[in-house]
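The primary structure of each chain is shown beneath.
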Amino acid sequence: MTVPARLAAVFGDWTPRAVVFDCDGLLLDTESVWQRAQDAVVTEIGAVLTPEDDALLHGSTIEVAAEILAARAGREEAQVLEALHREFDRELSGGIRLMPGAAETLARASAKVPLGCASNSWLEALEHKLTAGGLREHFTVLEASDTVARAKPAPDMYAAAAAALGVDPAEALALEDSGTGAQAARAAGLRLIGVPTPGAPAPIAELTLTALTDPDLAAWIDTW
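Residues numbered from 1 in each chain as written. Predicted model: local features only at pLDDT ≥ 70, side-chain atom pairs only at ≥ 80, totals over all residues. Heavy atoms only, no water.

Brief notes about the pairing of strand β5 (residues 191-194)
And step 1. In the sheet, strand β4 (residues 172-176) pairs with β5 via 4 bridges, with the strands oriented parallel. Residue pairing in the sheet places glutamate 176 in a bridge with glycine 194 of β5.
And step 2. Crossover connection from β4 via helix α9 (residues 179-188) to parallel β5: handedness right-handed. (Pairing = 2+ DSSP bridges. Helix = DSSP H or I, 4+ residues; strand = E, 2+ residues; numbered from the N terminus. Right-handed = clockwise from strand over helix to strand, strands pointing away.)

Here it is in structure tokens:
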């Protein structure tokens, strides 16, 4: 099998020994779920957000979101956090949709190397979302905002995932949709492919794809 030219130009003959995937917006269409939950809370508490807040909120933890929204509305952070949990759980109860190519990419990659998932969700929510989406079986390791000292954009989560998968970070590949997650993966020393959520800015990465359905990605994985 031949490595596609686009991938060969970036990665040469390097082959990952493990892959760590982000979850929300990359594998699961939960960004829209989260946006609806956030919008409901913003309206409920009367928060007035700034343009800068949008970038900070994309890919952040629910705790960071609560801190920002509480500050913009003059509310207690604990109350806002409770409201965000309530609305997010309510939105999730409607079911989870997979991002295009997610199931196929995970099946293909997990047949070659061990996989991890690194998410700014809390672990219980991550387990629930992946199970509901039918993706949990593909992952050997899950890292979340409550399994490490610092969530993304700190490198802790990706460093922990690589260690748990038994590889040096430089031997692992990360796939991310957000700048927050991309910063974490790069800081941990993983190679990185960015797959931005449609309509969102592309994260800084070694290679950017428009979707997991890109045939070159599948062809590259088949060469591992």
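From this point on, the discussion continues.
A closer look at the side chain of aspartate 177
And step 1. Mapping aspartate 177 onto the fold places it in the loop between β4 and α9.
And step 2. For the buried aspartate 177, no salt bridge is present, and the opposite-charge side chain at shortest range is lysine 152, 6.7 Å distant.
And step 3. At 2.8 Å, the side chain of aspartate 177 forms a polar contact with the side chain of threonine 197.
And step 4. Ignoring any residue separated from it by four or fewer positions in sequence, one finds aspartate 177 in contact with Asp22, Asp24, Gly25, Leu26, Glu31, His58, Val195, Pro196, Thr197, Pro201 and Pro203. (Buried < 20%, exposed > 50% of the residue type's maximum accessible area, 1.4 Å probe, protein only. Lys, Arg positive; Asp, Glu negative; His and termini not counted. Salt bridge = Lys/Arg side-chain N within 4 Å of Asp/Glu carboxyl O. Polar contact = N/O pair within 3.5 Å; in protein donor to acceptor, adjacent residues only side chain to side chain. Contact = heavy atoms within 4.5 Å.)

Let's talk about the packing of helix α2 (residues 31-45) against helix α5 (residues 77-92)
And step 1. Orientation of α2 relative to α5, taken along the N-to-C sense of each, is 140°, at an axis distance of 8 Å. Classified by the angle their axes make, α2 and α5 are oblique. The two elements α2 and α5 meet at a crossing, and its hand is right-handed. Where α2 abuts α5, its residues Val33, Trp34, Arg36, Ala37, Gln38, Ala40, Val41, Glu44 and Ile45 lie against Val80, Ala83, Leu84, Arg86, Glu87, Phe88, Glu91 and Leu92.
And step 2. Looking at the contact of α2 with α5 residue by residue, the class counts come to 11 nonpolar, 1 polar and 5 charged. (Axes fitted to C-alpha atoms, helices over the stretch in contact; angles between N-to-C directions. Parallel < 35°, antiparallel > 145°, perpendicular 65-115°, else oblique. Left-handed = near helix turned anticlockwise from the far one by under 90°. Nonpolar A, V, L, I, M, F, W, Y, C, P; charged D, E, K, R; others polar.)

Looking at the packing of helix α4 (residues 62-73) against α5
And step 1. Two elements in contact, α4 and α5, have axes whose closest approach is 8 Å; the angle formed by their N-to-C orientations is 125°. With respect to α5, the axis of α4 lies oblique. The two elements α4 and α5 cross, and the hand of that crossing is right-handed. Mapping the contact onto sequence places Ile62, Glu63, Ala65, Ala66, Glu67, Leu69 and Ala70 in α4 and Glu77, Val80, Leu81, Leu84 and His85 in α5.
And step 2. Of the residues in the contact of α4 with α5, the class split is 8 nonpolar, 1 polar and 3 charged.

Some details on the packing of aromatic side chains
And step 1. Applying the stated rule across the entire model yields 7 aromatic pairs.
And step 2. Judged by centre distance (6.3 Å) and plane angle (65°), the rings of phenylalanine 88 and tryptophan 122 are edge-to-face. Placement of phenylalanine 88 in helix α5 and of tryptophan 122 in the loop between β2 (115-118) and α7 (123-132) is noted, with a sequence separation of 34 residues between them.
And step 3. Of the residues examined, tryptophan 122 reaches a relative accessible area of 17% and is grouped as buried.
And step 4. Each ring, one from tryptophan 220 and one from tryptophan 224, has its centre 5.2 Å from the other, and the planes form 85°; the classification is edge-to-face. With respect to burial, tryptophan 220 and tryptophan 224 carry one shared label: buried.
And step 5. The ring of tryptophan 14 has arginine 191 sitting right over it, with the charged end atom 4.9 Å from the ring centre. (Phe/Tyr/Trp six-rings, centres within 6.5 Å; stacked < 30°, edge-to-face > 60°. Lys NZ or Arg CZ within 6 Å of the ring centre and 35° of its normal.)

As for the side chain of threonine 105
And step 1. Tracing the chain through its elements places threonine 105 in helix α6 (residues 102-110).
And step 2. Overall, the relative accessible area of 6% leaves threonine 105 in the buried class.
And step 3. Only 2.7 Å separates the side chain of threonine 105 from the backbone oxygen of glycine 101, close enough to count as a polar contact.
And step 4. Not counting chain neighbours up to four residues away, the residues in contact with threonine 105 comprise Phe21, Leu212, Leu217 and Ile221.

Notes on the environment of glycine 25
And step 1. Take glycine 25: it is sitting in the loop between β1 (18-21) and α2.
And step 2. Separated by 58 residues in the primary sequence, glycine 25 and alanine 83 place their C-alpha atoms 22 Å from one another.
And step 3. Those residues in contact with glycine 25 that sit more than four places away from it in its chain are Thr30, Glu31, Met99, Asp177 and Thr197.

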